[in-house]
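# Observations on the three-dimensional arrangement
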2 protein chains.
Amino acid sequence: MKKDYSPNLKKMPVSAIFYALSDPARLEIILTLLEEKELSCGQCKTELSKSTMSHHFKVLREAGLIQRREEGKVHFISLRVDEIEERMPGLFKLLKAMKKPL
Amino acid sequence: MKKDYSPNLKKMPVSAIFYALSDPARLEIILTLLEEKELSCGQCKTELSKSTMSHHFKVLREAGLIQRREEGKVHFISLRVDEIEERMPGLFKLLKAMKKPL
DNA sequence: TGGACGGTTCGACAACTATCGAACTATCAA
DNA sequence: TTGATAGTTCGATAGTTGTCGAACCGTCCA
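Here's a quick rundown of the structure. Not measured: the values here are computed from a predicted model. Sequence order as written defines residue numbering, which begins from 1 separately in each chain. Working convention: letters from A go to chains and numbers from 1 go to ligands, in the order in which they are written. Two thresholds apply to this predicted model, a pLDDT of at least 70 for residue-level local features and 80 or more for giving and counting side-chain atom pairs, whereas whole-chain, interface and lining totals are computed over all residues.

### A few points about the protein's contact with DNA strand C
- As a matter of local geometry, DNA strand C sits amid 22 residues, with Ser51(A), Gly72(A), Ser40(B), Gly42(B) and Ser51(B) nearest to it.
- Where the surface near DNA strand C is concerned, the elements lending two or more residues are α3 (50-62) of chain A together with α3 (50-62) and β4 (74-79) of chain B.
- Helix and strand definitions follow DSSP, with helices as H or I runs of at least four residues and strands as E runs of at least two, each counted in order from the N terminus. In terms of residue count, α3(B) provides more of the surface near DNA strand C than any other element does, 5 residues in total.
- Amino acids outside the nonpolar list (Ala, Val, Leu, Ile, Met, Phe, Trp, Tyr, Cys, Pro) and the charged list (Asp, Glu, Lys, Arg) are all regarded as polar, and Gly is one of them. Among the residues forming the surface near DNA strand C, the class breakdown is 6 nonpolar, 10 polar and 6 charged. In this entry, near means the residue's backbone-placed C-beta atom lies within 6 Å of the molecule or strand.

Structural data, given as structure tokens:
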């Protein structure tokens, strides 16, 4: 069970975090993670291609919003709940209350 | 005293709002407006050119975050506090608590 | 009437973004 | 070993973004 590098959220510019949230596909991922807690990449149902989804995961990861855990051939992703809450208090509450359209 | 068109925030995609917040210069504007309430464009001290600032104002306006009021030759901008609070409850609290780096 | 002032708009440009399919890597199962 | 499965990475492409200076538009005032 490996876990890879995660950037330091305390030093992450808030603009970078907002940028990561500025795409409907990425918001959809976040919303799913708010319910499911942990998720394999393939479980994120979407119209987009594998490579595009992989790109979005990378953006979220580099912004410090999600982390990845590899177990065999499956990559599980999850939210960095505590660290995000510390960097941007109230963000999760806001995201949970979010109404469509994304 | 004119006031120009403002988009309907209820129909505004949250991703568009997050996008508007994804630039340090625009965050700086928002932070200033949180303190000053109303501001002429020129009062936003910055290193950026007039035209660049005007561009950022436009992005914020089109995302529904600020509104403009013209009085003579001066344009005053201000936050659409109530409507934003309704579309994204808690966003202002979050923005006020924001720590550097932007 | 003619500047000066406060902003916006336009055109240009380099940098970046979302998206895809194809090629690749690593793991598991038969 | 061979093949299937889960994701990542690469290269390409069309579209978007931030930035600037120059030109422009209203408003005010001398």
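After presenting the structure, the write-up continues.
### Concerning the environment of Glu71(B)
Residue and element names in this part refer to chain B.
- Counting through the fold element by element, Glu-71 comes out in strand β3 (residues 66-71).
- Overall, Glu-71 belongs to the exposed group, with 10 C-beta atoms counted inside 10 Å.
- As a C-alpha pair, Glu-71 and Ser-40 span 31 residues in sequence and 9.9 Å in three-dimensional space. The exposure scheme places C-beta atoms from the backbone and then counts, for each residue, the other C-beta atoms within 10 Å of its own, assigning buried at 20 or more, exposed at 12 or fewer, and partly exposed in between.

### Remarks on the pairing of strand β3 (residues 66-71) of chain A
Residues and elements named next belong to chain A.
- In this structure, β3 lies alongside strand β4 (residues 74-79), joined through 6 bridges in antiparallel fashion. Its bridge partner lying in β4, Glu-70 is registered against His-75.
- A pair of strands is considered paired only if DSSP assigns at least 2 bridges between the two. Linking two consecutive strands that pair antiparallel, namely β3 and β4, is a turn of 2 residues; a positive phi of about 65° is found at Gly-72 within it.

### Notes on the packing of helix α2 (residues 24-36) of chain A against α3(A)
Residue and element names in this part refer to chain A.
- Axis definition: a line fit to C-alpha positions, over the contact stretch in the case of helices; interaxial angles, taken between N-to-C directions, run 0 to 180 degrees. Interaxial distance between α2 and α3 falls to 10 Å at its minimum, and their mutual angle equals 70°. As judged from the angle between their axes, α2 and α3 are roughly perpendicular. Seen from α2, the contacting residues are Ala-25, Arg-26 and Ile-29; seen from α3, they are His-56, Val-59 and Leu-60.
- When the residues that make up the contact of α2 with α3 are grouped by side-chain class, the tally is 4 nonpolar, 1 polar and 1 charged. Should an angle lie under 35 degrees it is considered roughly parallel, over 145 roughly antiparallel, and from 65 to 115 roughly perpendicular; all remaining angles are considered oblique. Placing C-beta atoms from the backbone, we regard two residues as in contact once those atoms come within 7 Å.

### Remarks on the interface of chain A and chain B
- Between chain A and chain B, the residue contacts involve 20 residues of the former and 20 residues of the latter.
- Put simply, the parts of the chain that give the side of chain A that touches chain B at least two residues each are α1 (14-20), α2 and α5 (91-97) of chain A.
- Class assignment for the residues of the side of chain A that touches chain B results in 15 nonpolar, 3 polar and 2 charged.

Function-wise, these values are silent; they only describe arrangement.
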